[in-house]
Amino acid sequence: MRTARTAATLMAVVALAAGCSSSGGKTSEDKADGSTGGKPAGTPRLKIAMVTHSGEGDTFWDIVQSGAKQAAAKDNVQFLYSNDKEAKGQAELVQSAIDKKVDGIVVTLAKPEAMKAVLAKAKDAGIPVVTINSGGEFSQRFGALTHIGQDESVAGEAVGSELNERGRKKVLCVIHEQGNVSLEQRCAGVKKTFRGTVENLNVDGTDAPSSQSSVEAKLQAAKDIDAVVALGAPVAAVAVKAKQDAGSEAEVDTFDLNAAVVKSLKAKDVGFAVDQQPYLQGYLAIDELWLYRTNANVIGGGKPVLTGPAIVTEKDVPKLEKYTARGTR
């Protein structure tokens, strides 16, 4: 696995997360299914809400929740999850969490301006906020303790460089949620380092048949497209089918990792994937709010905590299969 950023910061973060167990020793080691074998922390019971911009069928957020739930079990935290792909709906869910007087909020900033006012209300209510996954550049500005995720521009640049190494000339970058700043940054990053041509295609990621038709039509109309970059694992599966139906020779590559992508890597239906470690995003977000509430700690000193990117290929499949199968990678 080749990382696009230094591994030192991430290793330090992982070490910190591993050291947060309340019981320590053998009893705190993870079981084979990824659950914790230790007792919950002896600290007061906390209630933490996570509100994301996830749309229906996006398995990425199942992995984020898996990490959050394990950290919550360890930290004696009641974990509340809600999501809405529409910015207005997401903001309303954050307001609902504020009304419930939660002890902390984890939130994504896919459409940051829509979240600005409600996060100011959280701050006024004395509720600490951690942002994850998207909109990292707005995190500190909106009063969050820290941001946990990958630098989307850097991740896109890593993809562009990888495509250069693979000799690709024309790329179709598929944006599955129009207006999502993180997805736009990924495609812009690809364009920055890729020496060939990059064309963006907007599709509705919650409508797989429609997305497949759009990608297929594009591949049929532009036979010189030799790479399709999906910005999420579910879209990668759609792109693979579209490629096959279009009779295209384009390589399909993707952001994000799950069991289906690992199978596709193994079958060589997908060339490579960008892993931003969503499990770690959920786990560290809950841990950060618990640490802040119980010990006034701030992971990363308020600076973004990077969980990626890392480029994975079929060579990495053997060490990833068991983890993706249990929903933690």
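An account of the accompanying structure is given in this report. Each chain carries its own residue numbering, running from 1 in the direction its sequence is written. Local features in a predicted model are, by the rule used here, given only for residues with pLDDT of at least 70; side-chain atom pairs are given and counted only at 80 or more, and totals for whole chains, interfaces and linings are based on all residues. By convention in this description, side-chain values take in all heavy atoms of the structure and omit both hydrogens and water.

1. Considering the overall build of the chain
As a reminder of what qualifies: The helix and strand labels rest on DSSP assignments: H or I over at least four residues marks a helix, E over at least two residues marks a strand, and numbering proceeds from the N terminus. Any residue under 20% of the maximum accessible area for its type is buried, any over 50% is exposed, and the rest in between are partly exposed; the area is computed with a 1.4 Å probe on protein chains only. Working rule for contacts: check all heavy atoms of both residues, and any pair within 4.5 Å makes them a contact. Values of accessible area rely on a 1.4 Å probe in the Shrake-Rupley scheme; residue burial ignores everything except the protein chains shown.
When helices and strands are counted, the chain shows 12 helices and 13 strands. Per-residue burial over the chain gives 53% buried out of 329 residues. Counting only contacts in the chain whose residues sit at least 6 apart along the sequence, the fraction spanning at least 24 positions is 74%. A total of about 14,200 Å² of accessible surface is found on the chain, and carbon and sulfur atoms cover 49% of it.

2. Considerations on the environment of Asn258
Basically, it comes down to this: By the criterion applied in these results, polar contacts are pairs of N or O atoms within 3.5 Å in which, for protein atoms, one can donate a hydrogen and the other can accept it, and in which residues neighboring in sequence qualify only through two side-chain atoms.
Note that Asn258 resides in the loop between β10 (251-255) and α10 (259-267). Residue Asn258 is classed as buried on the basis of its relative accessible area, which comes to 9%. Non-local contacts of Asn258, meaning those with residues more than four positions away in its chain, are made with Thr59, Ile63, Ala233, Thr324 and Arg329. Within the local environment of Asn258, its side chain forms a polar contact with the side chain of Thr59, the two groups lying 2.9 Å apart. Of the polar contacts made by the side chain of Asn258, one reaches the backbone nitrogen of Ala260; its length is 3.1 Å.

3. Remarks on the pattern of salt bridges
Short version of the rule: By definition here, a salt bridge exists when the distance from a side-chain nitrogen of Lys or Arg to a carboxyl oxygen of Asp or Glu is within 4 Å.
Summed over all chains, the structure comprises 14 salt bridges. Notably, a salt bridge pairs Arg329 with Asp275, separated by 2.4 Å at the nearest N-O pair. Of the two residues, Arg329 sits in the segment after α12 (317-325) while Asp275 sits in strand β11 (residues 273-275), which places them 54 residues apart along the sequence. For the pair shown, Arg329 and Asp275 are each scored as buried. Sharing partners across several salt bridges, the network here consists of Glu162, Arg166, Arg168 and Glu251.

4. Some remarks on the sheet that holds strand β2 (residues 46-52)
We apply this condition: Following DSSP output, two strands are said to pair if at least two bridges run between them. Only the contacting stretch of a helix is used when fitting its axis, a line to C-alpha atoms as for every element, and angles between N-to-C directions run 0 to 180 degrees.
Sheet architecture is open: 6 strands sit in the order β3-β2-β4-β5-β6-β12, paired in parallel fashion. Because the sheet does not close on itself, it has two edges, and the strands there are β3 (77-83) and β12 (305-306). Bridging between strand β5 (residues 129-132) and strand β6 (residues 147-149) involves 2 bridges; their strand directions are parallel. Its bridge partner being in β6, Thr131 is matched across the sheet by His147. Relative to β3, helix α2 (residues 60-75) is tilted by about 160°, and along the sheet it contacts β2, β3 and β5.

5. Some remarks on the nonpolar core
Basically, it comes down to this: Buried Ala, Val, Leu, Ile, Met, Phe, Trp, Tyr and Cys residues that are joined via side-chain atoms within 4.5 Å together make up what is termed a nonpolar core.
Grouped together as the largest cluster of nonpolar side chains are 29 residues, with contacts concentrated most on Met50, Val106, Val130, Ile132, Ile148 and Ile286. Per element, the largest residue contribution to this core is 9 residues, and it comes from helix α11 (residues 278-295). In contact with Ile286, not counting residues within four places along its chain, are Ile48, Ala68, Ala71, Ala72, Asp75, Val77, Phe79 and Val106.

6. Some remarks on the packing of aromatic side chains
What counts is decided by this rule: The criterion for an aromatic pair is that two Phe, Tyr or Trp rings (for Trp, the six-membered ring) have centres within 6.5 Å, with stacked assigned to planes under 30 degrees apart, edge-to-face to planes over 60 apart and tilted to the rest.
The tally for this structure, following the rule as stated, stands at 4 aromatic pairs. Note on Phe60 and Trp61: the rings are 5.0 Å apart at their centroids and 75° apart in plane angle, and the pair reads as edge-to-face. Judged by relative accessible area, Phe60 falls into the buried class, the value being 6%. The class of Trp61 is buried, set by a relative accessible area of 3%.

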